[in-house]
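# Summary of the model geometry
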Amino acid sequence: MNSTLSALSVITDDEDKTPGNTKNKCGLMKSNDSAWDSGINIIRSVKVIIPLKLLVICNHISRMVDDNEFSIVTDIIKDQSNKIDELRLSEEYYIPKQKVTSCSIDYEADSYDHNVVIHRHPDGLNNFSSTDHSFINQNFELSLLFTQKDGFVNGIYNMKVNEAIIPLPVTPVIDYGIGIIDISNIESKNIFDKDFTFKTEKKNDYGGRKDNFRSSYIDEEDIKWEIMELRGRVDLIEEMMAYETGMTG
């Protein structure tokens, strides 16, 4: 019997004596979670904290180059966090020499030493292309994808293991520099609560007051009077424009 079958063997005894194991209703071996908890941190993605300045820079460059792609480089700030699954980027950047079109970037001979690359895609193209993977992503420790519409939309972190790299997905997060905002003193109120009082002025057919302020809930009649009031204002504006046109004519 192989190990897989052994783990699913039917228990014939009244009680299993193996520590950490219990017997379910079908009589199959079932291990307790605590017995199999290794305590190892499993990294499924890497959080990348991006300073607001880089977002602003990318937006400005996008407007300057129209619909063309472009690329900038920056660096990971080392030893700023003990979290193995979190990276923070520097706000300093460099624009490499490049020739661009709306669908390509050709890097020219240049000298720089950065481990993060950010490049732009057209709006809606939120995934790396095969060319990106072959010629851009593998040459940097971290590669981020940017669109003018949605900002930073994708990324790959290349974790180095011996002579190989293991690409991990990233979660881009913008650091706006304002920390955590405490809004515990702000309480939302439903405008349709029974305690809410809506005050409105009623108008007669000639635009004059029909009633004084009265308290009521928002209903169909209130909306009708508001529409009539807006129409009266529009008519007044049109009359004033016609008068001014006649004066200047």
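Reading guide: rules and limits
- Residues numbered from 1 in each chain as written.
- Predicted model: local features only at pLDDT ≥ 70, side-chain atom pairs only at ≥ 80, totals over all residues.
- Heavy atoms only, no water.
- Helix = DSSP H or I, 4+ residues; strand = E, 2+ residues; numbered from the N terminus.
- Contact = heavy atoms within 4.5 Å.
- Areas by Shrake-Rupley, 256 points an atom, 1.4 Å probe, with all protein chains shown as cover.
- Patch = residues over 30% accessible without salt bridge, like charges linked within 9 Å, V, L, I, M, F, W, Y side chains within 5 Å.
- Salt bridge = Lys/Arg side-chain N within 4 Å of Asp/Glu carboxyl O.
- Buried < 20%, exposed > 50% of the residue type's maximum accessible area, 1.4 Å probe, protein only.
- Lys, Arg positive; Asp, Glu negative; His and termini not counted.
- Charge placed at Lys NZ, Arg CZ, Asp CG, Glu CD.
- Pairing = 2+ DSSP bridges.
- Axes fitted to C-alpha atoms, helices over the stretch in contact; angles between N-to-C directions.

Counting its regular elements, the protein chain contains five helices and 13 strands. Taking the contacts inside the protein chain whose residues are at least 6 apart along the sequence as the reference set, 51% of them involve residues at least 24 apart. Within the structure as shown, the protein chain displays about 18400 Å² of accessible surface, and the carbon and sulfur contribution to it stands at 52%.

This part takes up a nonpolar patch on the surface. A cluster of nonpolar side chains, contributed by Leu52, Val56, Tyr176, Ile178, Ile181, Ile183 and Ile186, occupies part of the molecular surface with about 710 Å² of accessible area. Summarising the element assignment, Leu52 is placed in helix H3 (residues 52–64). The class for Leu52 is partly exposed, based on a relative accessible area of 31%.

Next up on the list: the pattern of salt bridges. Enumeration over the complete set of coordinates arrives at five salt bridges. For the salt bridge of Glu86 with Lys47, the shortest nitrogen-to-oxygen distance reads 4.0 Å. Here Glu86 is found in strand E5 (residues 86–88), whereas its partner Lys47 is found in strand E3 (residues 46–51), with 39 residues between them in sequence. With its nearest N and O atoms 3.4 Å apart, the salt bridge here joins Glu141 to Lys78.

Quick look at a negative patch on the surface now. A contiguous patch of negative charge on the surface is contributed by Asp66, Asp67, Asp123 and Asp150. With respect to the helices and strands, the residue Asp150 is situated in the loop between strand E9 (142–147) and strand E10 (151–161).

Pairing is mixed in the open sheet, where seven strands are placed in the order E4-E8-E9-E10-E11-E3-E5. Edge positions in the sheet fall to strand E4 (71–74) and E5, since each has one partner strand and no second. Here the strands of the sheet are splayed against their neighbours by 25° on average, with no regard to which way each runs. With four bridges connecting them, E4 and strand E8 (residues 116–120) associate as antiparallel partners. Bridged to Val73 within E8 is Val117. Along the sheet, H3 makes contact with E3, E4, E8, E9, E10 and strand E11 (164–175), crossing E3 at roughly 70°.

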